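For reference, the chains in residue letters:
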Amino acid sequence: MTAEQRDHVRHWSDLHAAIDRPRGAVALLDALTQVVDCQPDHIAIAVLDSALHNGRLGRDDLGTIESWIARDRRSILQHLDAAAQSGTESIVRTVLRRAGLEVRTQAAFAGVGLVDLLVGERVVVEVDSTQWHAKAEHRRRDYIRDLELTARGAIVVRVSYLQALYDHDGILRAVLAALATARGERSPD
């Protein structure tokens, strides 16, 4: 066995629709079925959320996917939220909900507008990507929003793209500390 063979896992299953040979692509529902069957929950949820949000996947399609995926993976479909505006937002939401926290997606916050995630009543989690937060004008907008959120009693936790992908423990620790602060408690160590 070569090193390349050891480092790669080949996923193969029967397809429900014909391969688009000129494009070398499988049908969307087949691809999404593979994602659910082969990826960790938080990644599968992020991919399906994005497909729902972008209108590529309808609620009727979810019934089809449910009938195609392994029975032990079907509960993932209960955790989808078409309001999520990015995969990283979906990942962070999944991490926080898995910890038993009440999380609202794209929640309206008085005087500010929509925030990525609202945990409880006062902890705002904003998940920043390079695409929407890299330019100076974007950062200025974020600073203005953060000041207004803080003035209205919110505690803002900003999460970067890489943190959303790889630092779930760090995100959870920060959000739990922010919740403790919001309740007037000492932060857990």
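Residues numbered from 1 in each chain as written. Predicted model: local features only at pLDDT ≥ 70, side-chain atom pairs only at ≥ 80, totals over all residues. Heavy atoms only, no water.

**Brief notes about the sheet that holds strand β3 (residues 123-128)**
Spatially, β1-β2-β3-β4 is the arrangement adopted by the 4 strands of the open sheet, whose pairing is mixed. At either end of the open sheet lies a strand with only one pairing partner, and these are β1 (103-109) and β4 (155-160). Neighbour to neighbour, the strand axes of the sheet diverge by 40° on average, direction disregarded. As judged from the 6 bridges shared by β3 and β4, these two strands associate in the parallel manner. Counted as the bridge partner of valine 123 is isoleucine 155 from β4. (Pairing = 2+ DSSP bridges. Helix = DSSP H or I, 4+ residues; strand = E, 2+ residues; numbered from the N terminus. Axes fitted to C-alpha atoms, helices over the stretch in contact; angles between N-to-C directions.)

**Comments concerning the packing of helix α3 (residues 41-53) against helix α5 (residues 87-98)**
Interaxial distance between α3 and α5 falls to 8 Å at its minimum, and their mutual angle equals 135°. By the criterion of interaxial angle, the relationship of α3 to α5 is oblique. Seen from above, α3 lies across α5 with right-handed handedness. Residues Asp41, His42, Ile43, Ile45, Ala46, Asp49 and Ser50 of α3 lie in contact with α5, whose contacting residues are Gly87, Ser90, Ile91, Arg93, Thr94 and Arg98. Split into classes, the residues belonging to the contact of α3 with α5 amount to 4 nonpolar, 5 polar and 4 charged. (Parallel < 35°, antiparallel > 145°, perpendicular 65-115°, else oblique. Left-handed = near helix turned anticlockwise from the far one by under 90°. Contact = heavy atoms within 4.5 Å. Nonpolar A, V, L, I, M, F, W, Y, C, P; charged D, E, K, R; others polar.)

**Focus on the nonpolar core**
Within the largest apolar cluster, 17 residues are counted, with the highest numbers of intra-cluster contacts made by Val92, Leu96, Val119, Val123, Val125 and Val175. Breaking this core down by element, the ones donating at least two residues are α5, β2 (113-119), β3, β4 and α9 (168-182). With 4 residues, the top contributor of residues to this core is α9. In this structure leucine 96 touches Leu101, Val103, Val119, Val125, Ile171, Leu172 and Val175, once residues within four positions along its chain are discounted. With 16 residues, the next largest nonpolar core counts Leu32, Ala44, Ala51 and Leu80 among its residues. (Core = buried A, V, L, I, M, F, W, Y, C linked by side-chain atoms within 4.5 Å. Buried < 20%, exposed > 50% of the residue type's maximum accessible area, 1.4 Å probe, protein only.)

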